[in-house]
Amino acid sequence: MNPKQLACIILLMIIGTMTYSAQIIHKKVAATRAEAEDAETAAVTAENERSTAEIETAVFKANTEEVRRFLRSWLPSIEHVQTQQEAEQTIQLSLRERGISLVHSIKTESKQSVGNKLIPKSVITTLTIEEEFAKVLNWLGDIERRLPTARMKVVQITGGSTGTQLKMDVSFETPIFDLAAADADKKKATAKPKPKVTKS
């Protein structure tokens, strides 16, 4: 092989190496450009989703303003009684302040609510009182004021042992709210999973 042929072979090898390197660089550039375009598309999509979410949030707030205002007005009453003991103390205090001295019987029991995290349990109070007409009715009104979330189940009024007295058998259910559990569920439901990042 003469020097010219050897030089041609070496030149061809150099050209081949340069061509191969150029192809590799071109592929990398194309891949980088595609990744950049994908990232840009993902960013635009994310921005659109964010804008849509903001619009939906604004619409939701506007649509639920009346309900949320109603809830805010009830929060003090809901937070006032958070345990069975607080419900019992409220009833005892009401009896004492209204001067109901003749309590024939009083019983409280806890009722569990399966599957209801907002109201996990309620307190059922059953009692029989006997007192003057005005005191009995005023006490019932006071209970509805102190425990506005309570639901009356039984109210039976009969004559008392004297002409000025009434005997009342009453049973009502006071829900015990767990606002913390409800907030936790709400945050869990609204939290979006983070997208997985794959390394190329």
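Residues numbered from 1 in each chain as written. Predicted model: local features only at pLDDT ≥ 70, side-chain atom pairs only at ≥ 80, totals over all residues. Heavy atoms only, no water.

A few points about the overall build of the chain
Consideration 1: The helix and strand tally for the chain stands at four helices and four strands.
Consideration 2: When the helices and strands of the chain are read in sequence order from the N terminus, they spell out α-α-β-β-α-β-β-α.
Consideration 3: In the chain, which comprises 200 residues, the proportion classed as buried is 20%.
Consideration 4: Accessible area of the chain: about 14700 Å², with a carbon and sulfur share of 60%. (Helix = DSSP H or I, 4+ residues; strand = E, 2+ residues; numbered from the N terminus. Buried < 20%, exposed > 50% of the residue type's maximum accessible area, 1.4 Å probe, protein only. Areas by Shrake-Rupley, 256 points an atom, 1.4 Å probe, with all protein chains shown as cover.)

What about helix 2 (residues 84–97)?
Consideration 1: Relative to the 20 Å expected for 14 residues at 1.5 Å per residue, helix 2 spans 20 Å between its end C-alpha atoms, a close match to the ideal helical length.
Consideration 2: Buried within helix 2 are the following residues: Gln84, Ala87, Thr90, Ile91, Ser94 and Leu95. With its buried residues spanning 130 degrees around the axis, helix 2 presents them on a single face. Across from the buried face of helix 2, at angles greater than 90 degrees, the exposed residues are Gln85, Arg96 and Glu97.
Consideration 3: Against the buried residues of helix 2 lie helix 1 (3–80), strand 1 (103–112), strand 2 (121–132), helix 3 (133–146) and strand 4 (165–176).
Consideration 4: At the exit of helix 2 stands Gly99, carrying a positive phi of roughly 70 degrees. (Expected span 1.5 Å × (residues − 1). Arc of directions from axis to C-beta. Contact = heavy atoms within 4.5 Å.)

Details of the sheet that holds strand 3 (residues 151–159)
Consideration 1: Within the open sheet, the four strands sit side by side as 1-2-4-3. Their pairing is antiparallel. Each of the sheet's edge strands pairs with one partner strand only, and the pair in question is strand 1 and strand 3. Strand-to-strand twist of the sheet, defined as the mean angle between neighbouring strand axes without regard to direction, takes the value 10 degrees.
Consideration 2: Sheet contacts for helix 2: strand 1, strand 2 and strand 4; angle to strand 1, the most-contacted strand, approximately 160 degrees. (Pairing = 2+ DSSP bridges. Axes fitted to C-alpha atoms, helices over the stretch in contact; angles between N-to-C directions.)

A few points about the pairing of strand 4
Consideration 1: Buried residues dominate strand 4, accounting for 10 of its 12 residues.
Consideration 2: When strand 2 meets strand 4, the two strands line up antiparallel, connected through 12 bridges. Counted as the bridge partner of Thr128 is Asp169 from strand 4.
Consideration 3: Judged from the eight bridges that link them, strand 3 and strand 4 form a sheet pairing that is antiparallel. From the neighbouring strand, Gln156 faces strand 4, where its bridge partner is Asp169.
Consideration 4: Remark: five residues form the turn of the hairpin made by strand 3 and strand 4, two consecutive strands paired antiparallel.

Details of the nonpolar core
Consideration 1: Residues Ile91, Ile129, Trp139, Met168, Val170 and Phe172 are the most contacted members of the largest nonpolar core, which totals 19 residues.
Consideration 2: At the level of secondary structure, the elements contributing two or more residues to this core comprise helix 2, strand 2, helix 3 and strand 4.
Consideration 3: Of all the elements, strand 4 adds the most residues to this core, at five residues.
Consideration 4: Setting aside residues up to four positions removed in sequence, Ile129 forms contacts with Leu95, Ile100, Leu102, Val103, His104, Val136, Trp139, Leu166, Lys167 and Met168. (Core = buried A, V, L, I, M, F, W, Y, C linked by side-chain atoms within 4.5 Å.)

A word on the packing of helix 2 against helix 3
Consideration 1: Following both chains from N to C, one finds helix 2 and helix 3 inclined at 145 degrees, their axes separated by 10 Å at the closest point. Considering only the axes of helix 2 and helix 3, their crossing is right-handed. Between helix 2 and helix 3, the residues in contact are Thr90, Ile91, Leu93, Ser94, Leu95 and Glu97 and Trp139, Asp142, Ile143 and Arg146, respectively.
Consideration 2: For the contact of helix 2 with helix 3, the per-class residue count stands at five nonpolar, two polar and three charged. (Left-handed = near helix turned anticlockwise from the far one by under 90°. Nonpolar A, V, L, I, M, F, W, Y, C, P; charged D, E, K, R; others polar.)

Considerations on the pattern of salt bridges
Consideration 1: Overall, the coordinates contain nine salt bridges when judged by the stated rule.
Consideration 2: One salt bridge connects Asp142 with Arg98, and the closest N-O pair in it is separated by 3.4 Å. Highlighted residues: Asp142 in helix 3 and Arg98 in the loop between helix 2 and strand 1, separated in sequence by 44 residues.
Consideration 3: The partner of Glu173 in a salt bridge is Arg151, with the nearest N and O atoms 2.9 Å apart. Of this pair, Glu173 sits in strand 4 while Arg151 sits in strand 3, and the two are 22 residues apart along the sequence.
Consideration 4: Judged by relative accessible area, Arg151 falls into the partly exposed class, the value being 48%.
Consideration 5: Each member of the salt-bridge network shares a partner with another, and the members are Glu97, Arg98, Asp142, Arg145 and Arg146. (Salt bridge = Lys/Arg side-chain N within 4 Å of Asp/Glu carboxyl O.)

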